[in-house]
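Chain by chain, the residues run as shown.
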Amino acid sequence: MTRVVILGAGFAGQTAALYLRKELGKDDTVTVVAPFSYFTYYPSLVWVGVGRMSEDRPIFDLEPVYKRHGIQFKKGWAREVYPDQQEVMMEKENGETERVPYDYLVNATGPYLNFEGTPGLGPHGGYTQSICTIGHAKQCRDAYLEQIQRMEKGEQVNIVIGTGHGMSTCQGAALEYITNLHRDLLRRKVRDKAKIMWLSNEPRLGDLGVGGISARSRGYIMDSETFAKSLYAEQDIYYQTQSAVTGVEQGKIHWENYEGEQGETEFDFAMLIPQFKGRPIRYVDAEGNDITGKMTNPLGFTLVDGGYGKPWGEINDKDWPSTYQSPVYKNIFAAGIAFAPPGSISKPFVNKNGTNITSVAPRTGMASGITGKIVAYNILDMIQGKEPTHREALSGMPGACIASIDKSTWNGSAATIIMYPVAPNFRRYPEYGRDLNITSMEIGLAGAWMKRLLHTGFIYKMKGLPGWTMIPE
Ligand SMILES: Cc1cc2nc3c(=O)[nH]c(=O)nc-3n(C[C@H](O)[C@H](O)[C@H](O)COP(=O)(O)OP(=O)(O)OC[C@H]3O[C@@H](n4cnc5c(N)ncnc54)[C@H](O)[C@@H]3O)c2cc1C
């Protein structure tokens, strides 16, 4: 009998749990430990945040899914892992703790949203909004609708969207929010009352934390900087990149740029993505020593089979993790945002004041699902007495950012950016690092359909409904 414990019920954890349950025997157990008993389909939170989708649509209850599939569910936060004893200590809602034993452990706990990293940032006592959880998206929508009321009375409003820390990631989500917001203001006939600004840590517009993208378009090579510039010109959106938000107060965002200059941007409404860190889980060995520093990188992401410690310019495709197995404890894996990348994809930058202004590598939904599946099959290998044979690295994996401009399937539109691979592979594609036969950037109605299809298809898959394995991650 084998016991697999999965921490987290998001894109990576849910994928791993469904595949493991499908493949494991009757006597084996798959247990998911997570603090909430619902699944969140994050890409649709952009629509909740502008009031275009009700808050119940991107989430569903996990308990019936687990009941149907025979997956055990323990509601709580994983706080400590004892790798020598092969146990996880979880804390329940009522403060009680429980030790959960495992033979194999998957850390799929996603990001810790580090609002504290920027004073005044975020919806918990700060001055800015977020769309990074369903609760945040609701709060963001309410704050946005208050601004709509002001605009309807004829008042002028400053809106700032982007990143809230020098080392934020997930620019794609913010890009999607800004384009949806523009469209929503047009629909409400108050677009002329808003000045909209993009403020980010990217080295250049359109970088998106993946070093920008080049794609073939009507015989020419177009890059994502040109693509984003034309999108923003068309939508009358101002922009400022190469900036780290260093603090926020009522109505004012403080930032520093590459040159080390400090400045302020006034706002009435701002949605800024915080820095992502790993979830704070302590690893303790048999002697009671805290070995977290051996298991994770300084940001708390779990170290796996990556080529860590190289300077940025020397990181190559082979340094990206591919089995997601911990080098310290072979029965521990990490998937999704929880695994440590070998470095950023975008060029890092530290200004003369020592402020780090670097777009950190995104680990997108697609990559999270794929890594969840890889981990599941590697655990199955190990149960059969083999070394992990399944490998897929971000330098060999596709990524998609579909920045919907409106969700309507009749007159909606989306900026669809497809890249292969996510982390450039200059050994295979020496010129641009990516396969230009696959990588593409388009704006059109087809993207809006694809976005809707992804919402429906992905939630169907995550519910493990009949035929779920046929829907790709
Ligand atoms: C607004 C928004 C829009 C996005 N749009 C896109 C998009 O268009 N395309 C795309 O590819 N990606 C998109 N993403 C990114 C995508 O959502 C993430 O890549 C994906 O959710 C990461 O999956 P994950 O499983 O690693 O983490 P998550 O999905 O965040 O899941 C983490 C899980 O761990 C649980 N957890 C946390 N702490 C603990 C703990 N201590 N113990 C146990 N469980 C814990 C959480 O409750 C959750 O169940 C978007 C993200 C956001 C925020």
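This write-up is about the structure you can find in this document. (Residues numbered from 1 in each chain as written. Predicted model: local features only at pLDDT ≥ 70, side-chain atom pairs only at ≥ 80, totals over all residues.)

1. Focus: helix 9 (residues 445–462)
Argument step 1. With 18 residues, helix 9 ought to run about 26 Å at 1.5 Å a step, and its terminal C-alpha atoms sit 26 Å apart, in line with that.
Argument step 2. For helix 9, the set of buried residues is Gly 447, Ala 448, Lys 451, Phe 458, Lys 461 and Met 462. Projected onto a plane normal to the axis of helix 9, the buried residues spread over an arc of 165° and lie on a single side. In helix 9, the exposed residues that point more than 90 degrees away from the buried face are Ala 446, Leu 453 and Thr 456.
Argument step 3. Two residues or fewer after helix 9 comes Gly 464, characterised by a positive phi angle close to 65°. (Helix = DSSP H or I, 4+ residues; strand = E, 2+ residues; numbered from the N terminus. Expected span 1.5 Å × (residues − 1). Buried ≥ 20, exposed ≤ 12 C-beta atoms within 10 Å, placed from the backbone. Arc of directions from axis to C-beta.)

2. Focus on the nonpolar core
Argument step 1. Within the largest apolar cluster, 131 residues are counted, with the highest numbers of intra-cluster contacts made by Ile 6, Ala 16, Val 88 and Ala 335.
Argument step 2. Here Val 88 is in contact with Val 5, Leu 7, Val 33, Ala 78, Val 81, Val 100, Tyr 102 and Leu 105, once residues within four sequence places are set aside. (Core = buried A, V, L, I, M, F, W, Y, C linked by C-beta atoms within 7 Å. Contact = placed C-beta atoms within 7 Å.)

3. Considering the sheet that holds strand 22 (residues 332–334)
Argument step 1. Strands sit in the order 5-2-1-9-22 across an open sheet of 5 strands; the sheet is parallel. Edge positions in the sheet fall to strand 5 (72–75) and strand 22, since each of these pairs with one other strand and no more. The average angle at which neighbouring strand axes cross in this sheet is 20°, direction not considered.
Argument step 2. Relative to strand 2 (residues 29–34), strand 1 (residues 3–7) runs parallel, the two sharing 5 bridges. From the neighbouring strand, Leu 7 faces strand 2, where its bridge partner is Val 33.
Argument step 3. Here helix 1 (residues 11–23) sits on the sheet and contacts strand 1, strand 2 and strand 9 (104–107); the angle it forms with strand 2, its principal contact strand, is near 165°. (Pairing = 2+ DSSP bridges. Axes fitted to C-alpha atoms, helices over the stretch in contact; angles between N-to-C directions.)

4. Some details on the pairing of strand 17 (residues 252–257)
Argument step 1. As defined by bridge partners, strand 16 (residues 243–249) adjoins strand 17 across 6 bridges and the pair is classed as antiparallel. Within strand 17, the residue paired with Ser 243 across the bridge is Asn 257.
Argument step 2. Adjacent in sequence and paired antiparallel, strand 16 and strand 17 are bridged by 2 residues, among which Gly 251 carries a positive phi angle near 80°.
Argument step 3. Pairing of strand 17 with strand 18 (residues 262–266) involves 5 bridges; the strand directions are antiparallel. Of the residues in strand 18, the one forming a bridge with His 254 is Glu 264.
Argument step 4. Taken together, strand 17 and the strand that follows it, strand 18, pair antiparallel across an intervening segment of 4 residues, in which Gly 260 is found at a positive phi of about 90°.

5. A few points about the site of the ligand
Argument step 1. Surrounding the ligand, one finds 37 residues, the nearest of these being Gly 8, Gly 10, Gly 110, Gly 336 and Gly 365.
Argument step 2. Secondary structure elements with two or more residues in the shell around the ligand: helix 1, strand 2, helix 2 (45–48), strand 6 (77–82), helix 5 (171–187), helix 8 (365–383) and strand 23 (399–406).
Argument step 3. Across the shell around the ligand, the residue classes break down as 25 nonpolar, 10 polar and 2 charged. (Near = placed C-beta within 6 Å. Nonpolar A, V, L, I, M, F, W, Y, C, P; charged D, E, K, R; others polar.)

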